[in-house]
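Analysis of the macromolecular model
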Amino acid sequence: METRIYIKELPCYQRKGNASEKSIRVMERHFYNLELLEAEGQKKEMEAFIRSRGNELSMTTVDADIILYNVLVRFMKEKYPLLDSFRAVPEEVLVKKFKAWLLDHGYQITRKHFMKSMGRNLQEEAGPVKYLRLLLQFLEPKDKRPE
């Protein structure tokens, strides 16, 4: 298994979009370091998640996710280093412990932003929490029941 996933290896790099040449040169050196995760199961799940996002999202979004990835990895390394799967702990328990850890380490767990279409401020979960929820949603087994 590769220990690093470089942005330039993902399909989103081929679709560069409206990113400037300067930012493209910088982003192509960025990578996800899977070596930071200790359990093999976590590495496999995270690699599948990263590659899936690389297929679906823009290069700048996937590049920005590296920061969220590093925060989540620090949490997993500290609290659940030997856990073989992110799904081994119930979602709400994992999210609750992650939020507590974020607060202990000086991160925000919510963010406010103004939504023009509604004309008011909204409060939502911060990036690292959303990233964890997206990962857990990705790892859920697909429902194979017919419509």
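Note: the structure precedes this text.
So, how was this worked out
Residues numbered from 1 in each chain as written. Predicted model: local features only at pLDDT ≥ 70, side-chain atom pairs only at ≥ 80, totals over all residues. Heavy atoms only, no water. Helix = DSSP H or I, 4+ residues; strand = E, 2+ residues; numbered from the N terminus. Buried < 20%, exposed > 50% of the residue type's maximum accessible area, 1.4 Å probe, protein only. Polar contact = N/O pair within 3.5 Å; in protein donor to acceptor, adjacent residues only side chain to side chain. Contact = heavy atoms within 4.5 Å. Salt bridge = Lys/Arg side-chain N within 4 Å of Asp/Glu carboxyl O.

**Side note on the side chain of Gln42**
Residue placement: Gln42 occurs in helix H3 (residues 40–56). For Gln42, a relative accessible area of 1% translates into the label buried. Within polar-contact distance, the side chain of Gln42 engages the backbone oxygen of Tyr80 at 3.2 Å. Not counting chain neighbours up to four residues away, the residues in contact with Gln42 comprise Leu37, Met76, Tyr80, Leu83, Asp84 and Phe86.

**Observations regarding the side chain of Glu45**
The residue Glu45 is located in helix H3 in this model. One polar contact links the side chain of Glu45 to the main-chain amide nitrogen of Phe86, over a distance of 2.9 Å.

**Quick look at the pattern of salt bridges**
This structure, assessed with the given rule, holds 10 salt bridges. Two residues, Asp65 and Arg53, come together in a salt bridge whose shortest N-O distance is 2.7 Å. Highlighted residues: Asp65 in helix H4 (residues 59–79) and Arg53 in helix H3, separated in sequence by 12 residues. Classification of Asp65 by relative accessible area gives buried; the value is 5%. When its relative accessible area of 13% is taken as the criterion, Arg53 is described as buried. As a salt-bridge pair, Glu91 and Arg133 come within 3.3 Å of each other at their nearest N and O atoms. Of this pair, Glu91 sits in helix H5 (residues 91–104) while Arg133 sits in helix H6 (residues 127–139), and the two are 42 residues apart along the sequence. What you see here is one network of salt bridges that share partners, running through Glu91, Glu92, Lys99, Glu125 and Arg133.

On their own, these measurements won't tell you what the molecule is for.
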